[in-house]
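# Coordinate analysis (summary)
These are the residues of each chain, in order.
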Amino acid sequence: MRVIGLMSGTSYDAIDAAAADLSLVGDSLALKPLGLVSEAYDDGLREALAQALPPGRTSMAEVCRLDTRIGQAFAAAAVRADRELCDGRAELVASHGQTVYHWAEQGQVHGTLQLGQPAWIAEATGLPVVADFRPRDIAAGGQGAPLVSLVDLLWLRGRPGTPVALNLGGIANLTAPDGTAFDTGPGCALIDAAASGFSGGRFAYDVDGALAGHGSVREALLERLLEEPYYALPAPKTTGKELFHLGHLRDALAGFGTLPAEDVVATLTMLTARTVADAVRTVGATEVIASGGGTRNPVLMRMLGQQLAGVALRTSDTLGLPAAAKEAYAFAVLGFLTAHGLPGTDPASTGARHARVLGSLTPGRDGLRLPPPARERPVRLVLE
């Protein structure tokens, strides 16, 4: 089955559309990557989204407009992926949507909201769409994240030692072989917030780590940032930009006077490296396999390598899964599992009471035609 996975992360810089040819072969799920296309949000939509996210204020009218406009943007990305990567022969779209709020209090998640109305995707492509993956896991008592943990477990099964999969998006998360999975804290969220704030919005992120590379880590500021209680919470746990946003940084900077932008960004980059490395040590990792936009920041990767102190660090590209596309491929896999009536979560990773089939289905042009249900979930993921 040719499946298009659509993903826009907490950095909301672009929609990634990855196409995969997926098939069940015995107890394995075979994945043949067909490629990735990315569509940046237009400036107006990105600005509207940024204004609506915490700690900003919004209205139901604006939420409706965003749900429609994001859905249309996702639809355009899916149409392009079907045309360029699948020769018009895609059979299913799996859309993560755009997370705008993750309702977490005192270690428990009560709800989550992803925008990007799937009806627009189904109408534009003619294909059935699986969307709204996270709410079912939350309804079953889970954190609703990190959902890519199941794919990581299937993919890394049988690899020697204790390999840990790390995603360096706006929020960083990891998955260990025993199923332990959680958000470690900010990946690029605070770095992006600082880069945008100091540049007056001219830069959405620290391009090539240029700011951090020219700055020095301020230890006193780092120690204050590390006092955030989230880091000490036990797994499973999840967080988002509801906590790690520009206001969080401003609170931490209070009393430090005027610091150079380069020093602040260097300190935030070290914060990510330190908190990720601390989390990695708790699971006894022997290697870290990283993916996500943060892998393109050479300063962050250098600091992380230093903080890991002897634990091997490599990107998922070296194992055949493009780091920039991994999450989009992961949601293609989750959509495939849903279409075959198979659970898409691991309770050890999200804290749910039971594994559940994820998502809601929107019929395509020819109605809802799904393959026969599979008997058992695969135990490993094999890349072709």
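Residues numbered from 1 in each chain as written. Predicted model: local features only at pLDDT ≥ 70, side-chain atom pairs only at ≥ 80, totals over all residues. Heavy atoms only, no water.

## Some words on the packing of aromatic side chains
How two aromatic rings sit relative to each other is set out by the distance from centre to centre and by the angle between their planes. Condition: Only the six-membered ring of Trp is used, alongside the rings of Phe and Tyr, when aromatic pairs are assigned; centres must lie within 6.5 Å, and planes under 30 degrees apart are stacked while those over 60 apart are edge-to-face, with the rest tilted. Three exposure classes are used, based on accessible area relative to the maximum for each residue type with a 1.4 Å probe and protein chains only: buried under 20%, partly exposed in between, and exposed over 50%. Numbering goes from the N terminus for both helices and strands, where a helix is a DSSP run of H or I of at least four residues and a strand is a run of E of at least two. Only when the NZ atom of a Lys or the CZ atom of an Arg is both within 6 Å of the ring centre and within 35 degrees of the ring normal do we say a charge sits over the ring.
Under the defined criterion, the tally for this structure stands at 4 aromatic pairs. Between Tyr230 and Tyr231, the aromatic rings sit 6.5 Å apart at their centres with planes inclined by 75 degrees, giving edge-to-face as the arrangement. On the basis of relative accessible area, Tyr230 is assigned to the buried category, the value being 5%. Ring geometry for Tyr230 versus Phe244: centroids 6.2 Å apart, planes at 85 degrees, classification edge-to-face. Of this pair, Tyr230 sits in the loop between helix H8 (219-225) and helix H9 (246-253) while Phe244 sits in the loop between H8 and H9; the two residues are 14 residues apart in sequence, bridging distant segments of the chain. Among the residues examined, Phe244 registers a relative accessible area of 1% and is labelled buried. Through successive ring pairs, a cluster of aromatic residues spans Tyr230, Tyr231 and Phe244. If you follow Lys237 out to its NZ or CZ, it ends over the ring of Tyr230, 4.6 Å from the centre.

## Some details on the side chain of Glu287
Keep this limit in mind: Identification of polar contacts relies on pairs of N or O atoms within 3.5 Å, with a donor-acceptor requirement for protein atoms, meaning one able to donate a hydrogen and the other able to accept it, and with residues adjacent in sequence counted only if both atoms are side-chain atoms. Throughout, a residue-residue contact means that at least one pair of heavy atoms, one from each residue, lies within 4.5 Å.
Mapped onto the elements, Glu287 comes out in strand S10 (residues 287-291). Owing to a relative accessible area of 7%, Glu287 belongs among the buried residues under this scheme. Side-chain polar atoms of Glu287 contact the side chain of Arg314, separated by 2.3 Å. Once residues lying within four places of it in the same chain are set aside, the contact partners of Glu287 are Arg159, Pro160, Thr162, Pro163, Val164, Val311, Ala312 and Arg314.

## Section: a nonpolar patch on the surface
This is how the line gets drawn: Each patch is assembled from residues with relative accessible area greater than 30% and no salt bridge, linking like charges that lie within 9 Å and nonpolar side chains (Val, Leu, Ile, Met, Phe, Trp, Tyr) that lie within 5 Å. A 1.4 Å probe and the Shrake-Rupley method give the accessible areas. Residues count as covered only by the protein chains that appear here. What makes a salt bridge here is a side-chain nitrogen of Lys or Arg within 4 Å of a carboxyl oxygen of Asp or Glu, nothing more.
Side chains of Tyr101, Trp103 and Leu113 sit close together on the surface and give an oily, nonpolar patch of about 290 Å² of accessible area. Relative to the helices and strands, Trp103 resides in strand S4 (residues 92-105). Overall, the relative accessible area of 40% leaves Trp103 in the partly exposed class.

## Topic: the sheet that holds S10
Heads up, the rule is: Should DSSP find at least two bridges between two strands, the strands are regarded as paired. Inter-axis angles, ranging from 0 to 180 degrees, are taken between N-to-C directions of lines fitted to C-alpha atoms, where helices are fitted over the stretch in contact.
Here 5 strands make up an open sheet; going across it, the order is S9-S8-S7-S10-S11 and the pairing mixed. The open sheet has two edge strands with one neighbour each: strand S9 (181-186) and strand S11 (312-315). Neighbour-to-neighbour, the strand axes of the sheet open up by a mean angle of 25 degrees, direction not taken into account. In this fold helix H10 (residues 261-282) packs onto strand S7 (163-168), strand S8 (171-175), S9 and S10, with an angle of close to 160 degrees to the strand it touches most, S9.

## Quick notes on the pairing of strand S1 (residues 2-8)
Taken residue by residue, a regular strand's side chains alternate between the two faces of the sheet. Counting buried residues in S1 gives 6 out of 7 residues, a clear majority hidden from the surface. Between the antiparallel neighbours S1 and strand S2 (residues 14-25) lie 5 residues, among them Tyr12 with a positive phi of about 40 degrees. Where S1 meets S4, 5 bridges bridge the pair, whose relative direction is parallel. Of the residues in S4, the one forming a bridge with Gly5 is Ala94.

## A few points about the nonpolar core
Put simply, the rule is: Buried residues of nine kinds, namely Ala, Val, Leu, Ile, Met, Phe, Trp, Tyr and Cys, make up a nonpolar core once their side-chain atoms join them within 4.5 Å.
In this structure, Leu166, Leu168 and Leu268 are the most contacted members of the largest nonpolar core, which totals 46 residues. Going through the elements one at a time, S7, S8, helix H6 (189-198), H8, H9, H10, S10 and helix H11 (298-308) are the ones with two or more residues in this core. Per-element accounting of this core gives the leading share, 11 residues, to H10. Here Leu166 is in contact with Ala172, Asn173, Leu174, Val276, Val288, Ile289, Ala290, Ser291 and Leu304, once residues within four sequence places are set aside. With 35 residues, the next largest nonpolar core counts Leu31, Leu147, Tyr329 and Leu337 among its residues.

## A few points about the pattern of salt bridges
Summed over all chains, the structure comprises 11 salt bridges. Residues joined in a network through salt bridges with shared partners are Glu39, Arg80, Arg83 and Glu84.

## So, the pairing of S2
Direction of pairing for S1 relative to S2: antiparallel, over a ladder of 6 bridges. The residue of S2 that forms the bridge with Ile4 is Ala19. In this sheet, strand S3 (residues 28-40) lies alongside S2 in antiparallel orientation, the contact comprising 12 bridges. In the strand pairing of S3, Ala18 is matched with Leu36.

## Comments concerning H10
At 3.6 residues per turn, the α-helix brings residues three or four places apart onto the same side. Let me state the cut-off plainly: Any helix carries an expected span of 1.5 Å times its number of residues minus one.
Taking 1.5 Å per residue, 22 residues should reach 32 Å; H10 reaches 32 Å between its end C-alpha atoms and fits that length. Across the 22 residues that make up H10, a large majority, 17, are buried. Residue Gly284 follows H10 closely and has a positive phi angle near 65 degrees.

## Describing the environment of Leu259
Mapped onto the elements of the fold, Leu259 is located in the loop between H9 and H10. Separated by 188 residues in sequence, Leu259 and Gly71 place their C-alpha atoms 40 Å apart.

## So, H9
What H9 keeps buried is the set Gly247, His248, Leu249, Ala252 and Leu253. Of the surrounding secondary structure, the elements contacted by the buried residues of H9 are H6, H8 and H10.

## A look at the environment of Gln307
Mapped onto the fold, Gln307 is located in helix H11. For Gln307, a relative accessible area of 19% puts it in the buried group. Between the alpha carbons of Gln307 and Ile70 there is a distance of 38 Å; along the sequence they are 237 residues apart. Those residues within four positions of Gln307 in sequence are excluded, and the remaining contacts are Met270, Ala273, Arg274, Ala277 and Arg281.

## Details of unusual backbone geometry
A cis amide bond, omega 10 degrees, links Pro54 with the succeeding residue Pro55. Within the secondary structure layout, Pro55 lies in the loop between helix H1 (43-52) and helix H2 (60-85). Pro146 follows Ala145 through a cis peptide bond whose omega is -10 degrees. Note that Pro146 resides in the loop between helix H4 (134-139) and helix H5 (149-156). Of note in this structure, Asp87 is not a glycine but carries a positive phi near 55 degrees. Its place among the elements puts Asp87 in the loop between H2 and S4.

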